[in-house]
Each structure stands twice: as C-alpha cells, then as structure tokens.
Amino acid sequence: MKTNLWSLARFLRHDDLSLPPHGCLLEAQRVSFAYNGRPVLRDVNLRVCPGQMVGVIGPNGAGKSTLIKILSRLLHPDEGRVSLGGQDLSHWGHAQLARHLAVVPQGAQLPETFTAWEVVLMGRTPYLGLLGSETPADMAVARRAMEETNTWHLASRFIGQLSGGERQRVVMARALAQEPRVLLLDEPTLHLDISHQLEILSLVRRFVDEQDLAVLAIFHDLNLAAQFCHELILLSQGRVFAQGRPEEVITASNIAAVYEAKVTILPHPRNGRPTVLPN
Ligand code: ADP
C-alpha cells in the first residue's frame, strides 16, 4: 500500500475494521431473498477482500441490484447473513457503517439546487461530531476526493447544471469522501461514454490497487468487467452460476447458457483477458 495522505488518515482512525481470519472485509453467506414471496436471490455466497475488485454480471432481472441493496443493508436477507469485518451487518450503527462502506447506487438522486461541493461534503456526515459541522480536516478530505475524481473545478456549480458524466463523478467523489474500506457500485458507468467509463473505472481500480479498497461493482458491459475486475460473479435467476477469474467466468458456453446469446470469446491482444464479440 502506498503511503500518502489517504492511507495516513485511515491509519489514524481509531475505529478501523478488523479483518476476519479469511482476510476479507465483506462476506455474504448463503443469502436468499424474495420480494413478496417471489425468490430473487438464492443461496448466494461471496467475499470481497481488501485490494480486490469483484464484478457482478448477469442478465436483466438476475438479482444484481437486489444483491447490492442487501450488501449495503438497504434490504435484509430472508436467509443467510452478511458480515462486514466479521460482524453481522445488523450490528453496525448507521454512521459507523457509513465510515466503512460506501455505495454508489444506480441513478443516484441528487438535490439539484445543491452545489457539487455541498454534495461531496455530505460524504463527511458519518464523521461529524455532536456540533455537526465539518472541520478543516473534513474539508480537506472532500477537496481531495474532488481532485481525485476530476470534479474540483465543478465545486461551485449546481448539480442541476451538470452533465450525466459530471454528476456520476460527483457521486463517486461523495463516496470517496466517506473514506470507505468497502465500495459498492451499481453500474457506475451507465450512460457514460467510453472515455468517461474508462476514467471512472481506472479511478476505482487505482483506489483498489493503491489504497487496498475492497470493491464490488455491477457491470452491464462484460468487456469492461473482464478488464477491470480480479474476480467475476455471474448471476443467473438469483443464483451464482459461475464465480472466479474473468477467463473462467466469461466463456462462450456460460454466456450462451445465461444470456442465451451466441458469442465468440477472444483473448485481449494486450493482456489476454476475455473479450466478447457477437457471432
Ligand atoms: P438486476 O439488477 O440483475 O437487473 P434486480 O435485482 O433489479 O435485477 O431485480 C431482480 C428481480 O426482482 C426482477 O425480477 C425485478 O423485477 C424484481 N424486483 C426488483 N425490485 C423489486 C421490488 N422493489 N419489488 C418487487 N420486485 C422487485
């Protein structure tokens, strides 16, 4: 891990997470969930470890967003358990959880009349003391998050005046301002052009590599998932159909079975990662 201001700040935090013996921060064990009696997730097991980027792929309706909602405690599993730092998610206080786990939901609703700076500063809410006002240290973290996401120049702009890509980067800055150990992303590059897709994913991957961030992200684009993730989880009708390295999961037979699509998989010419081409 590189020593810099971010890792120093984390080192100084007194409530840091302990790592369970398996070394992973976030764990789902045999998680099942149903909406109004209709099963959506069945027996899902996963782990996300520091310095690891895990991608969740699968067709529409496979249960990916529901999984993120369960991992972030927006929904509670009907069966099984989710733990953070070895402790059941239900044991965590709200602010305590938000100091460790940040979520970038799909199509995050942002207050249009707030400035980008005000939105990013919201990421510091879990750290505020009784007086509820940000310290210079909070502001420094928020500014740094904006610089990292290339949004500092937008600080005084109102959210309503930002493009989709700019908003997405502001949401990412707010999540990073939480200084999380675990980051959950629901299709972080939806509606972004290829340049902004690569910018956001490279940024996330840099935090994974340099800050030991543990990331679980939903991907629509299989090629981006294969390029950026250490491990992939392929969901099909709420079950884990395949799990492992991208080349183990993105195979023509898995894609045919789960997406009902005929594709050719070729190794990427620069790094050998699987690349999906339509037949
Ligand atoms: P994905 O993210 O893979 O597209 P979702 O987790 O959004 O899948 O949805 C999984 C299934 O659960 C779908 O059939 C969807 O219609 C259903 N579903 C999602 N949200 C709700 C909800 N709030 N109430 C009832 N059913 C839902």
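Right above here is the structure, for reference.
A brief look at the structure comes next. (Residues numbered from 1 in each chain as written. Predicted model: local features only at pLDDT ≥ 70, side-chain atom pairs only at ≥ 80, totals over all residues. Heavy atoms only, no water.)

### Side note on the overall build of the protein
The helix and strand inventory of the protein stands at ten helices and twelve strands. At 19 Å, the protein has a C-alpha radius of gyration in line with the 19 Å of a compact globule built from 279 residues. For the protein, long-range pairs separated by at least 24 residues make up 67% of all intrachain contacts whose partners lie at least 6 apart in sequence. Carbon together with sulfur atoms contributes 53% to the accessible area of the protein, which is approximately 13,300 Å² in total. Within the protein, the 27 negative side-chain charges are centred at a point lying 2 Å from the centre of the 27 positive side-chain charges. (Helix = DSSP H or I, 4+ residues; strand = E, 2+ residues; numbered from the N terminus. Rg over C-alpha atoms; globule rule 2.2 N^0.38 Å. Contact = heavy atoms within 4.5 Å. Areas by Shrake-Rupley, 256 points an atom, 1.4 Å probe, with all protein chains shown as cover. Lys, Arg positive; Asp, Glu negative; His and termini not counted. Charge placed at Lys NZ, Arg CZ, Asp CG, Glu CD.)

### Examining the sheet that holds strand S9 (residues 231-236)
As summarised here, the arrangement of the six strands in space is S6-S7-S8-S3-S9-S10, forming an open sheet in which the pairing is mixed. Lying at the two open borders of the sheet, with one neighbouring strand each, are strand S6 (101-104) and strand S10 (239-244). Across the sheet, the mean angle from the axis of one strand to that of its neighbour is 15°, orientation sign disregarded. Note that S9 and S10 share five bridges and pair antiparallel. For leucine 232, the partnering residue across the bridge sits in S10 and is glycine 244. Running at roughly 35° to S9, helix H10 (residues 252-259) makes contact with strand S3 (53-57), S9 and S10 of the sheet. (Pairing = 2+ DSSP bridges. Axes fitted to C-alpha atoms, helices over the stretch in contact; angles between N-to-C directions.)

### Overview of the state of the cysteines
Such a bond, covalent and formed between the sulfur atoms of two cysteines, is termed a disulfide. Summed over the entire model, instances satisfying the criterion amount to one disulfide. Shown here is the disulfide that connects cysteine 24 with cysteine 49, its sulfur atoms set 2.0 Å apart. Here the disulfide of cysteine 24 and cysteine 49 is right-handed, its torsion about the S-S bond being about 50°. Residue cysteine 24 is located in the loop between helix H1 (5-12) and strand S1 (26-35), and its partner cysteine 49 is located in the loop between strand S2 (38-48) and S3; the two are separated by 25 residues in the primary sequence. The burial state of cysteine 24 is the same as that of cysteine 49; both residues are buried. With no disulfide of its own, cysteine 229 lies 14 Å from the sulfur of cysteine 49, the closest cysteine sulfur. (Disulfide = S-S within 2.5 Å. Buried < 20%, exposed > 50% of the residue type's maximum accessible area, 1.4 Å probe, protein only.)

### Details of the site of the ligand
As a matter of local geometry, the ligand sits amid Tyr35, Arg38, Val40, Pro59, Asn60, Gly61, Ala62, Gly63, Lys64, Ser65 and Thr66. Contact between the ligand and glycine 63: an oxygen atom at 3.0 Å from a main-chain N or O atom of the residue. A total of 560 Å² of accessible area belongs to the ligand in isolation, and the protein chains cover 60% of it. Put simply, the parts of the chain that give the shell around the ligand at least two residues each are S2 and helix H2 (64-71). With three residues, H2 is the single largest residue contributor to the shell around the ligand. Split into classes, the residues belonging to the shell around the ligand amount to four nonpolar, five polar and two charged. (Near = heavy atom within 4 Å. Polar contact = N/O pair within 3.5 Å; in protein donor to acceptor, adjacent residues only side chain to side chain. Nonpolar A, V, L, I, M, F, W, Y, C, P; charged D, E, K, R; others polar.)

### A few points about helix H6 (residues 164-177)
Spanning 14 residues, H6 covers 20 Å between terminal C-alpha atoms, matching the ideal 20 Å at 1.5 Å per step. Inspection of H6 places Gly165, Glu166, Gln168, Arg169, Val170, Val171, Met172, Ala173, Arg174, Ala175, Leu176 and Ala177 among the buried residues, and these make up the whole buried set. Remark: glutamate 179 follows H6 within two positions and exhibits a positive phi of approximately 50°. (Expected span 1.5 Å × (residues − 1).)

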